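Structure assessment
Here is how the chains run, residue by residue.
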Amino acid sequence: MPPLFSSYRLGELTLPNRTVMAPMSRVRAAAGGLATPSMATYYAQRATAGLIVTEGVQPSRVGQSNPGTPGLHTAEQTDSWRQVTDAVHVGGGRIFAQIMHGGRVSHHETTGLQPVGPSAVAGEGSVFTPNGPQPMPVPRALETDEVAEHVQSYAHAARGAIDAGFDGVELHGANGYLISQFLSSNANLRDDRYGGSIANRIRFAVEAVTATVESVGAARTGIRLSPGGGIWGVTEDDAAELNTALLTELARLDLAYVHLEATADEEILLQLRTAWPGTLIVNPTMPGGPKQTGMAEAEHWLGLGADLIAFGRGFLANPDLVERLRSNLPVAPADESTFYQGGDAGYITYPTYQHTAA
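Read on for a plain summary of the structure.

Conventions we followed
Residues numbered from 1 in each chain as written. Predicted model: local features only at pLDDT ≥ 70, side-chain atom pairs only at ≥ 80, totals over all residues. Heavy atoms only, no water. Pairing = 2+ DSSP bridges. Helix = DSSP H or I, 4+ residues; strand = E, 2+ residues; numbered from the N terminus. Axes fitted to C-alpha atoms, helices over the stretch in contact; angles between N-to-C directions. Contact = heavy atoms within 4.5 Å. 1 Å grid on protein atoms, 1.4 Å probe; cavity = no way out; pocket = protein on both sides within 12 Å on 5 of 7 lines; lining within 4 Å. Points joined across faces, edges and corners; volume = space filled by probe spheres on them. Nonpolar A, V, L, I, M, F, W, Y, C, P; charged D, E, K, R; others polar.

The next thing to look at is the sheet that holds strand β4 (residues 51-57). Strands sit in the order β3-β4-β5-β10-β11-β12-β13-β14 around a closed barrel of eight strands; the barrel is parallel. Sheet twist, expressed as the mean angle between neighbouring strand axes with direction ignored, is 25°. Pairing of strand β5 (residues 95-99) with strand β10 (residues 168-172), which is carried by four bridges, proceeds in the parallel orientation. When the sheet's bridge partners are listed, Ile-99 is paired in β10 with Leu-171. In this fold helix α10 (residues 295-303) packs onto β13 (280-283) and β14 (308-311), with an angle of close to 150° to the strand it touches most, β14.

Structure below.
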């Protein structure tokens, strides 16, 4: 089993350790989806991670899920991210942008547009809007000839990310957002080449990844998946077969990595490890769950064949999480009330252990 603190070659990057800061929404962007100086500080504080993956970044206006999230579809947005990537690189870190099209997980009060999805099926639960939580509306089903535009939105945002200084991009194919909706057996009721069979339901994901690879290169492209996750009402009745078929297709592209959330039984995840020959990141706990990933979970999944381990909540309250884990120091809990409230409190105000001890 490789030690968590050993180096790892990821594409053209050498990671000093095998920890990954998982993508986590913090809704601190400025008006117009612009990155801010506080965002630069936040990510730079955590630059000792082997790899940072940012919060979800929308690739288009209609792709925005929540208010206060950043974008990568205008020149101004691209320019605003350079302060973030520069700060992380000065701190010795490496950073990928997570490209996240919300699909039906959106609201016209946020974007001014009707959300779109593979089918006119509303998601379950409420979505954040500028006027508070609202039930998710029924999305407009994309016409077949419109799908390519949304495929290309990932590639366009990826090009902007590289121009902004990111080391690569991760397509958000998990947690009930647009790619996940196309993969789904209940959000995708299409009868064209993007719906029905497993081969058709994985088509959007494969096309989006392929377009991104053509835009920025395979070594700079990863994807995150949540097999059978069931978030926002998305169902994958055939999670093992579906995700095995998807990874078999993606394996032809020689991507930087696949990032799996442990949202399925361990047996299924091990089957997917077999199907995927490349670098595998595992996020051991369900997103939003009460459990925080620690050394035991990391070592367990490294022993089962994961190459890198993603930590979520641990990085929120512990900018020096790597050193705390390495030295067996206490890991501070995150204040959940500050996750999405905006401002710097509970964002860039968490101290390192040395400051705490002082």
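Any empty space left between the atoms is revealed when a probe the size of a water molecule rolls over them. On inspection of all chains with the given rule, the structure shows two cavities of 30 Å³ or more. The computed volume of the largest cavity comes to approximately 50 Å³. Taken together, Asn-175, Gly-176, Ser-180, Ser-226, Gly-228, Gly-229, Gly-230, Ile-231, Val-234, Thr-235 and Glu-236 form the lining of the largest cavity. Here the lining of the largest cavity is composed, by residue class, of two nonpolar, eight polar and one charged. Estimates place the volume of the second largest cavity at around 30 Å³. Lining the second largest cavity are Gly-56, Val-57, Gln-58, Gly-63, Gln-64, Ser-65, Asn-66, Thr-69 and Met-100. Looking at the lining of the second largest cavity, its residues break down into two nonpolar, seven polar and no charged.

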